[in-house]
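# Overview (structure and organization)
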Amino acid sequence: MSHPMIGLVDCNNFYVSCERVFQPRLEGVPVGVMSNNDGCVIARSSELKTLGVEMGTPAFQLQQWVNQGRIHLLSSNYELYGDMSARVREVLEEFSAGVEPYSIDEMFVRFDGFDAATTLALSRTLYRNVRQFTGIPVCVGVAPTRTLAKLANRAAKKLPEYAGVCVLHGESDETRRLLECTPLGNVWGVGRRLVERLALQGIETAWDLRCADPKTIRRRFSVTLERTARELQGTPCIDMNDTDEPRQRIMTSRSFGRLTGEMSELQEAIRQHAQRGAEKLREQASHARAVLVFLKTNRHRQDLAQYSPSIVAELTEPTDDSRPIVAAAQQALAEIYRPGYRFMKAGVMLLDLVDANREQLSLLDTPDSAADRERSERLMSTLDELNQKMGRGTVRLGVRRHDAAWQLRCAHRTPRWTTQWEELLSAKA
Ligand SMILES: [Mg+2]
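Residues numbered from 1 in each chain as written. Predicted model: local features only at pLDDT ≥ 70, side-chain atom pairs only at ≥ 80, totals over all residues. Heavy atoms only, no water.

## Details of the pattern of salt bridges
Applying the stated criterion across every chain, the model contains 19 salt bridges. In this structure, Glu180 engages Arg176 in a salt bridge whose closest nitrogen and oxygen atoms are separated by 2.8 Å. On the criterion of helical spacing, the pair formed by Glu180 and Arg176 is a turn pair, its members being 4 residues apart in helix 7 (residues 173–180). The exposure class assigned to Glu180 is partly exposed, which follows from its relative accessible area of 36%. (Salt bridge = Lys/Arg side-chain N within 4 Å of Asp/Glu carboxyl O. Helix = DSSP H or I, 4+ residues; strand = E, 2+ residues; numbered from the N terminus. Buried < 20%, exposed > 50% of the residue type's maximum accessible area, 1.4 Å probe, protein only.)

## Examining the sheet that holds strand 5 (residues 99–103)
Here we have 5 strands laid out as an open sheet, ordered 5-6-1-7-8, and mixed in their pairing. Each end of this open sheet is capped by a strand with a single partner; those strands are strand 5 and strand 8 (165–167). When the angles between neighbouring strand axes are averaged without regard to direction, this sheet yields 20 degrees. For strand 1 (residues 5–11) and strand 6 (residues 106–111), the ladder comprises 6 bridges, and the chain directions are antiparallel. Following the sheet pairing, Asp10 is matched in strand 6 by Glu106. Sitting on the sheet, helix 4 (residues 78–95) is in contact with strand 1, strand 5 and strand 6, with an inclination near 5 degrees to strand 6. This element, helix 6 (residues 146–158), spans strand 1, strand 5, strand 6, strand 7 (138–143) and strand 8 of the sheet and lies at about 140 degrees to strand 7. (Pairing = 2+ DSSP bridges. Axes fitted to C-alpha atoms, helices over the stretch in contact; angles between N-to-C directions. Contact = heavy atoms within 4.5 Å.)

## Notes on helix 7
Structurally, the α-helix is built with 3.6 residues per turn, so residues lying three or four positions apart point the same way. Among all positions in helix 7, only Thr175, Leu178 and Leu179 are buried. All buried residues of helix 7 lie within an arc of 95 degrees about the axis, which places them on one face of the element. Opposite the buried face of helix 7, by more than 90 degrees, sit the exposed residues Asp173 and Arg177. Where the residues of helix 7 are buried, they touch helix 6, helix 9 (206–211) and helix 11 (223–233). (Arc of directions from axis to C-beta.)

## Some words on the coordination of the magnesium ion
As a benchmark, a tetrahedral metal site with four donors has ideal angles of 109.5 degrees, while an octahedral site with six donors has ideal angles of 90 or 180 degrees. The protein atoms that coordinate the magnesium ion are Asp10 (OD), Cys11 (O) and Asp105 (OD), at distances of 2.3 to 2.4 Å. Site description for the magnesium ion: donor spacing in sequence, D-C-x93-D. Note that Asp10 is positioned in strand 1 and Asp105 in the loop between strand 5 and strand 6, a separation of 95 residues in sequence. For Asp105, a relative accessible area of 17% corresponds to the buried category. (Donors = N, O, S within 2.8 Å, 3.2 Å for Na, K, Ca; no water.)

## Focus: the packing of aromatic side chains
In total, this model carries 11 aromatic pairs according to the counting rule given. Between Tyr15 and Tyr81 the ring centres are 4.2 Å apart and the planes differ by 10 degrees, which places this aromatic pair in the stacked class. Taken as a pair, Tyr15 in helix 1 (residues 14–22) and Tyr81 in helix 4 lie far apart in primary sequence, 66 residues in all. Looking at Tyr81, the relative accessible area reads 0%, which means it is buried. Relative to Phe343, the ring of Tyr307 has its centre 6.3 Å away and its plane inclined at 55 degrees; by these criteria the two rings are tilted. Pair noted here: Tyr307 is in the loop between strand 10 (286–297) and strand 11 (310–319) and Phe343 is in strand 12 (residues 343–351), with a separation of 36 residues, a long-range link. Given a relative accessible area of 19%, Tyr307 falls into the buried group. Taking NZ or CZ as reference, Arg70 lies 4.6 Å from the ring centre of Trp65, over its face. Positioned over the ring face of Phe108 is Arg146, at 4.9 Å from the centre of the ring. (Phe/Tyr/Trp six-rings, centres within 6.5 Å; stacked < 30°, edge-to-face > 60°. Lys NZ or Arg CZ within 6 Å of the ring centre and 35° of its normal.)

## A word on the confidence of the model for the chain
Confidence in the prediction of the chain, expressed as mean pLDDT, is 86, and 86% of residues score 70 or more. By mean pLDDT, helix 15 (residues 416–428) is the weakest element of the chain at 37, and strand 7 is the strongest at 98. (pLDDT = per-residue confidence, 0-100.)

## Quick look at empty space enclosed by the protein
For the structure on display, the rule yields 4 cavities of 30 Å³ or more. Residue lining of the largest cavity: 13 residues in total, with Ser85, Arg89, Pro101, Leu292 and Ser310 positioned closest to the centre. Sorting the residues of the lining of the largest cavity by element identifies helix 4, strand 5 and strand 10 as the ones contributing at least two each. Broken down by element, the residue count for the lining of the largest cavity peaks at 4 residues, all from strand 10. Residue classes in the lining of the largest cavity are distributed as 8 nonpolar, 3 polar and 2 charged. Three or more residues apiece are contributed to the lining of the largest cavity by two domains, here domain 1 (1–145) and domain 2 (250–410). (1 Å grid on protein atoms, 1.4 Å probe; cavity = no way out; pocket = protein on both sides within 12 Å on 5 of 7 lines; lining within 4 Å. Points joined across faces, edges and corners; volume = space filled by probe spheres on them. Nonpolar A, V, L, I, M, F, W, Y, C, P; charged D, E, K, R; others polar. Domains from an automatic or database assignment.)

Here's what the structure looks like:
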């Protein structure tokens, strides 16, 4: 007896782990990765979390600890992270034809047709192989649905008895126990406001939601929450296209109607995805720090040459403005495009989202940049309004080829914080 299962492989403290692969002296010590432009913490090692350093902490507040050698801060290197992410994906693709990146450090993997014992053994193999072949530590959660796989992954990470690998079956005491002790806020796609409304109905844990009547949930809340409830019961009903988590990632991608190797068609697709992604950012009041662009050939067409690259471009500053986002995505596409391949799919992921309101605190703020931002906000809200009234895609942005406002490889174009940290690091090496 075998059921379709889906695995979620999540890299631990991904940006920090990437840095550690090349600088083993950073193992076991508190490490943070900084945004290059506004100088705040965007990734933390577990040791840094233990010290109580929050995401978004400005660099200058940590200066003293850095000087004392208590912590290490690195500037971000998105090029490296994009490359390591591709390597992790390649290891997983050796194992399964159904690998879908969910974000730069999380991938869904189809496990079809195995019995329970084999599923567990394969999960452990994945866990070991990714570490061994890429140097990146991961956790593996496997379950009948994406929502349960997310929960399994969380358990694999948080509960020592799982040692990084948790396989959950739809109907089991183990699944029940886990759901009973999972607050709703930790369930995939259940936001804070929803948690409060559900609490009024006496629904407080993942198990409560699983036991609620799905039709009632749909009537009182939404179809989306009904799907979540069904997924908790073990019935798959969420696919990759309706799974954005506000404030974490935004992905827009689509398969082409037919395979294409035409640069102009790819450019058009990437432009649309980037623009739609920026709209989503504005809808949820977030800014993105980086843009990931990917292309996919059809793995089932082994008669054709295979090439499924991805690359990350950093934005000069966190933004929700379609123009720099579209420009960065186009530049990234140009970087990975190779003629002679026929692509099935193209997509854009917006990474490292931050609350738009927090941006007001940016250290680089000058009256000039404030005026620019206002102008950009007015333009973008006009754009969104027109597109809402007259249909998506009514007003579109052209490609600005020579816009120098951002650069793909800008990890070395370092503002002073970064330069200082790097000096410090090399002195200690
Ligand atoms: Mg992760």
